[in-house]
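Results of the structural survey
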Amino acid sequence: MKKALLASACLFALAAPASAADLAARPYTKAPVAPLASVYNWTGFYLGIVGGGAWEASSSDPKMQGGFVGGTAGYNWQTGNVVFGIEADGAWADVNASATALGVTVASKTDALGTVRGRIGWAVNNILLYGTGGYAWIDNKVTVSALGASVSDSKWHSGWTVGAGVEAFFAPQWSVKGEYLYRSLGSETYFSNLGAPLASGTINFHTVQVGVNYHFGGPVVAKY
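Model, not experiment: these values are computed from the prediction. For every chain, the first residue of its written sequence is number 1, and the numbers climb from 1 along that sequence. It should be noted that, the model being predicted, local features are given only for residues of pLDDT at least 70 and side-chain atom pairs only at 80 or more, the latter also being counted only at that level, while totals for whole chains, interfaces and linings use all residues. Only hydrogens and water are set aside; all other atoms, that is, all heavy atoms of the structure, feed into the side-chain values.

What to know about the overall build of the chain
The helix and strand labels rest on DSSP assignments: H or I over at least four residues marks a helix, E over at least two residues marks a strand, and numbering proceeds from the N terminus. Secondary structure summary: the chain contains one helix and 12 strands in total. Traced from its N-terminal end to its C-terminal end, the chain shows the element sequence α-β-β-β-β-β-β-β-β-β-β-β-β. Buried residues are those whose accessible area, probed at 1.4 Å on protein chains only, stays under 20% of the maximum for their type, while exposed residues exceed 50% and partly exposed ones sit between those limits. With 224 residues in all, the chain has 30% of them scored as buried. Of the roughly 13000 Å² of accessible surface on the chain, 67% is carried by carbon and sulfur atoms. For accessible areas, the Shrake-Rupley method is used with a probe of radius 1.4 Å. Any residue's cover is judged against the shown protein chains and nothing else.

Here is the structure:
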């Protein structure tokens, strides 16, 4: 019996390494791939639409007020977190006021307005905070009516603008912005050809506008 047990133990000892060698190797599993993070680069050309409201910054009444809608074009450069660029916009407008005294009505209406501005701001990934300023213009018409007759004269006013805004990407090539601009337009003289000149004085506007821009070239850089 002892010999049989000894023989069985020897056979088990010899068979164990062989059985271990026959075990399947542990499968190798790759580590999961880290998700891609999107990093926004604001450099590039863009086009968009813009619209908003304007009201005259004046202590007298009535004040010109109304709305406008138009288009925007611009180009940005980015270095680090600093973004700077140039932007131009133009819009159709209906910003007006009228006053009547002694049977005579004088109406003023801004039919179009626009700017050409520099922008500089600080970008935090897809959000840009910026200041802006530059050239501003309006196309304005003054109409005088009395005794059933009226006469009109249109003038182009030039001036300056300054303001600030925030813009954010909501899709790879699309951004939305909100902006405030103060516009100061120089005085022009109306009806000088009729021998009854009427000076407009400086026209100042507060404007608040929103816009949507499409950025060409895809300003999203994907990285690990």
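Concerning unusual backbone geometry
With an omega of 0°, the peptide bond running from D61 to P62 counts as cis. Here P62 is to be found in the loop between β2 (44-56) and β3 (65-79). A positive phi angle, close to 55°, is found at L102, a residue other than glycine. With respect to the helices and strands, L102 occurs in the loop between β4 (82-101) and β5 (104-124). A positive phi angle is found at N125, which is not glycine, with a value near 55°. Take N125: it is sitting in the loop between β5 and β6 (127-146). Its relative accessible area of 37% is what places N125 among the partly exposed residues.

Looking at the confidence of the model for the chain
One confidence number per residue, pLDDT, is output by the predictor and ranges from 0 to 100. Averaged over all residues, the pLDDT of the chain is 86; the fraction at 70 or higher stands at 80%. Per-element mean pLDDT across the chain ranges from 45 in helix α1 (residues 2-22) up to 98 in strand β8 (residues 174-185). Any two residues whose heavy atoms approach within 4.5 Å are treated as being in contact. Here residues 18-23 is a poorly scored stretch, pLDDT under 50, and it has zero contacts once near neighbours within four places are set aside; other chains count.

Some remarks on the pairing of β5
Strand direction decides the pairing type here: β4 and β5, joined by 18 bridges, are antiparallel. Bridging from a neighbouring strand, A99 pairs with V106 of β5. Strand pairing is assigned whenever DSSP detects at least two bridges linking the two strands. Taking the residues that link successive antiparallel strands as the turn, the β5-β6 hairpin has two residues, and the phi of N125 there is positive, at about 55°.

Notes on a nonpolar patch on the surface
On the surface, W77, F84, I86, V116, I120, Y135 and W156 cluster together into a nonpolar patch covering about 680 Å² of accessible area. Secondary-structure elements contributing two or more residues to the nonpolar patch are β4 and β5. Its location among the elements puts I120 in strand β5. The patch calculation keeps residues exceeding 30% relative accessible area without a salt bridge and links them within 9 Å when they carry like charges or within 5 Å when they are nonpolar (Val, Leu, Ile, Met, Phe, Trp, Tyr). A carboxyl oxygen of Asp or Glu within 4 Å of a side-chain nitrogen of Lys or Arg is what we treat as a salt bridge.

Brief notes about the side chain of D89
Summarising the element assignment, D89 is placed in strand β4. Whenever two N or O atoms come within 3.5 Å, that pair is a polar contact, provided that in protein one can donate a hydrogen and the other can accept it, and provided that, for residues adjacent in sequence, both atoms are side-chain atoms. Separated by 2.9 Å, the side chains of D89 and T115 make a polar contact. Among the polar contacts made by the side chain of D89, one reaches the side chain of R117 at a distance of 2.9 Å. Once you skip the residues sitting within four places of it in the chain, D89 turns out to touch G71, T72, L113, G114, T115, R117, W137 and Q209.

Section: the sheet that holds β4
In a beta sheet, neighbouring strands pair by backbone hydrogen bonds and run either parallel or antiparallel. Strand order in the closed barrel formed by eight strands is β2-β3-β4-β5-β6-β7-β8-β11, and the pairing between neighbours is antiparallel. Strand-to-strand, the axes of this sheet are offset by a mean angle of 20°, without reference to chain direction. Under this scheme, a helix contributes an axis fitted over its contacting stretch, all axes are lines through C-alpha atoms, and angles between N-to-C directions fall in the 0 to 180 degree range.

Overview of the packing of aromatic side chains
Classification of ring pairs uses Phe, Tyr and Trp, with its six-membered ring standing for Trp, and accepts pairs whose centres are within 6.5 Å; under 30 degrees between planes counts as stacked, over 60 as edge-to-face, and the remaining range as tilted. In this structure the tally under the stated criterion is nine aromatic pairs. Taking 4.5 Å as the distance between ring centres and 10° as the angle between the ring planes, the aromatic pair formed by W137 and W156 counts as stacked. A residue pair is termed long-range when its members are at least 10 positions apart, and W137 in strand β6 and W156 in strand β7 (residues 149-171) qualify at 19 residues. According to the relative accessible area criterion, W137 is buried, its value standing at 17%. What makes W156 partly exposed here is its relative accessible area of 47%. Put simply, the rings of F45, W174, Y214 and F216 pair up and form one aromatic cluster. Any Lys NZ or Arg CZ found within 6 Å of a ring centre and within 35 degrees of that ring's normal is scored as a charge over the ring. Over the ring of Y130 we find R119; its NZ or CZ atom is 4.4 Å from the centre of that ring. Seen from the ring of F68, R183 lies directly overhead, with NZ or CZ sitting 5.7 Å from the centre.

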